[in-house]
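# Inside the fold
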Amino acid sequence: MQVEVISLFPEMFNALTQHGITSRALSRALYQIQVTNPREFTSDNHKTVDDRPYGGGPGMVMLAEPLAKAIAAAKQRLAANGVQPHVVHMSPRGKPLMHEKVMQLSQLKGLVILASRYEGVDQRLLDTQVDEEISIGDYVLSGGELPAMVLLDAVIRQLPGALGDADSAVEDSFVNGLLDFPHYTRPEQYEGLTVPEVLMSGNHAKIREWRLAQSLLLTRAKRPDLLAARSLTKEEARLLQAIDSEQEQASS
Ligand code: SAM
């Protein structure tokens, strides 16, 4: 995957490229990334990238032209490799990012991400250059760099070969529409609490069943919306029923 980012703060992306799984994936050439500063595409001495909003009001708005030129340069680099660009603007007004969108983007060969600042971007740039807007949640950050890195981290994890077996994503939250089950490691006793016995049993069928049941219980308690959005398999329905009737019996 070829990633192009447009940002006034290219150095911020070192957090992504120099640490952990996303750094390892880069050194394995699972993706390439180039971060372009739109100031490079200005023609005045001050390298101006923003101006006051028409209609008045607080804050500044990013100029369309330097961004359009930076996006065009990014698209040209993708085209040179025969790669189709998909242009995303990180924005609180975008569709909230979900696992499905991450999977969809991870299939792309070319991704251009606009990380903006100030009050936002001249709407005409968005109307002509951007394919979709993505939000990372219903709150406002100071800039699009952290949202862009959140998106990229989630996407890069899904690239084949990015995760070793040890950190495989197949059991992660949301992959099967459920939250992840609880994890335990040594020591066996911690603050007077023990590890659930089944995890020490060596019985892999029972362990799998326990983990699935825990995922179901956690999802029902914390994110009932996730359960409502999908139907239960026969096994899941049986497990939940068994837990509910056990709890009923215990309380009667
Ligand atoms: N005036 C904008 C609004 O209320 O929608 C907020 C602008 S914010 C201060 C500056 C930039 O940070 C945005 O243009 C966007 O690129 C980024 N940003 C802030 N919060 C975000 C979020 N929740 N998701 C994605 N990007 C966000």
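Residues numbered from 1 in each chain as written. Predicted model: local features only at pLDDT ≥ 70, side-chain atom pairs only at ≥ 80, totals over all residues. Heavy atoms only, no water.

Moving on: the nonpolar core. If you look at the biggest cluster of nonpolar residues, it comprises 24 residues, and the most contacted ones within it are Y31, M90, I113, L151, L152 and I156. Every element with two or more residues in this core is listed here: β1 (2–6), β5 (86–96), α4 (99–106), β6 (110–114) and α6 (145–157). Looking at this core, the element that brings in the most residues is α6, giving seven residues. In this structure I113 touches E4, V5, I6, V88, M90, A148, L151 and L152, once residues within four positions along its chain are discounted. Among the nonpolar cores identified, the runner-up in size contains 17 residues, and L67, V83, V112 and V121 belong to it. (Core = buried A, V, L, I, M, F, W, Y, C linked by side-chain atoms within 4.5 Å. Buried < 20%, exposed > 50% of the residue type's maximum accessible area, 1.4 Å probe, protein only. Helix = DSSP H or I, 4+ residues; strand = E, 2+ residues; numbered from the N terminus. Contact = heavy atoms within 4.5 Å.)

As a rule of thumb, non-glycine residues mostly have phi less than zero, and peptide bonds are mostly trans rather than cis. Cis geometry is adopted by the peptide bond preceding P187, which originates at R186 and carries an omega value of 5°. By the element assignment, P187 lies in the loop between α6 and β9 (189–190). One non-glycine residue, K47, adopts positive backbone phi at about 55°. Looking at the element boundaries, K47 is found in the loop between β2 (32–36) and β3 (50–51). With a phi close to 60°, Y118 is a non-glycine residue in the positive phi region. Topologically, Y118 is positioned in the loop between β6 and β7 (120–121).

On the surface, Y139, L141 and L146 cluster together into a nonpolar patch covering about 280 Å² of accessible area. Among the structural elements, L141 can be located in the loop between β8 (132–135) and α6. (Patch = residues over 30% accessible without salt bridge, like charges linked within 9 Å, V, L, I, M, F, W, Y side chains within 5 Å. Areas by Shrake-Rupley, 256 points an atom, 1.4 Å probe, with all protein chains shown as cover. Salt bridge = Lys/Arg side-chain N within 4 Å of Asp/Glu carboxyl O.)

A few words now on the site of the ligand. Taken together, 18 residues lie around the ligand, and M90, S116, E119, Y139 and L141 are the ones closest in. Between a nitrogen atom of the ligand and a main-chain N or O atom of S91, the distance comes to 3.3 Å. At 3.4 Å from an oxygen atom of the ligand is found a main-chain nitrogen or oxygen belonging to G143. Taken by itself the ligand offers 590 Å² of open surface, and the protein chains cover 84% of this. Contributions of two or more residues to the shell around the ligand are made by β5 and β8. By residue number, the principal contributor to the shell around the ligand is β5, which donates four residues. For the shell around the ligand, a count of residues per class yields nine nonpolar, eight polar and one charged. (Near = heavy atom within 4 Å. Polar contact = N/O pair within 3.5 Å; in protein donor to acceptor, adjacent residues only side chain to side chain. Nonpolar A, V, L, I, M, F, W, Y, C, P; charged D, E, K, R; others polar.)

Next up on the list: the domain arrangement of the protein. Bring the parts together and some accessible area is lost; that lost area is often taken as the interface size. As far as domains go, the protein holds domain 1 (2–166) and domain 2 (173–251). In this structure, domain 1 and domain 2 have C-alpha centres spaced 38 Å apart. (Domains from an automatic or database assignment.)

With that settled, consider the packing of α4 against α6. To describe two helices that pack against each other, one gives the angle between their axes and the distance between the axes. Across the interface, α4 lies against α6 with an axial gap of 9 Å and an inter-helix angle of 70°. It follows that α4 is roughly perpendicular to α6 by the angle criterion. Here the hand of the crossing between α4 and α6 comes out right-handed. Within the contact between the two elements, α4 uses V102, L105 and S106 and α6 uses L151, A154 and V155. For the contact of α4 with α6, the residue count by class is five nonpolar, one polar and no charged. (Axes fitted to C-alpha atoms, helices over the stretch in contact; angles between N-to-C directions. Parallel < 35°, antiparallel > 145°, perpendicular 65-115°, else oblique. Left-handed = near helix turned anticlockwise from the far one by under 90°.)

Let's shift gears to the environment of Q189. Relative to the assigned elements, Q189 resides in strand β9. Distance in space between the C-alpha atoms of Q189 and A64 is 60 Å, their sequence separation being 125 residues.

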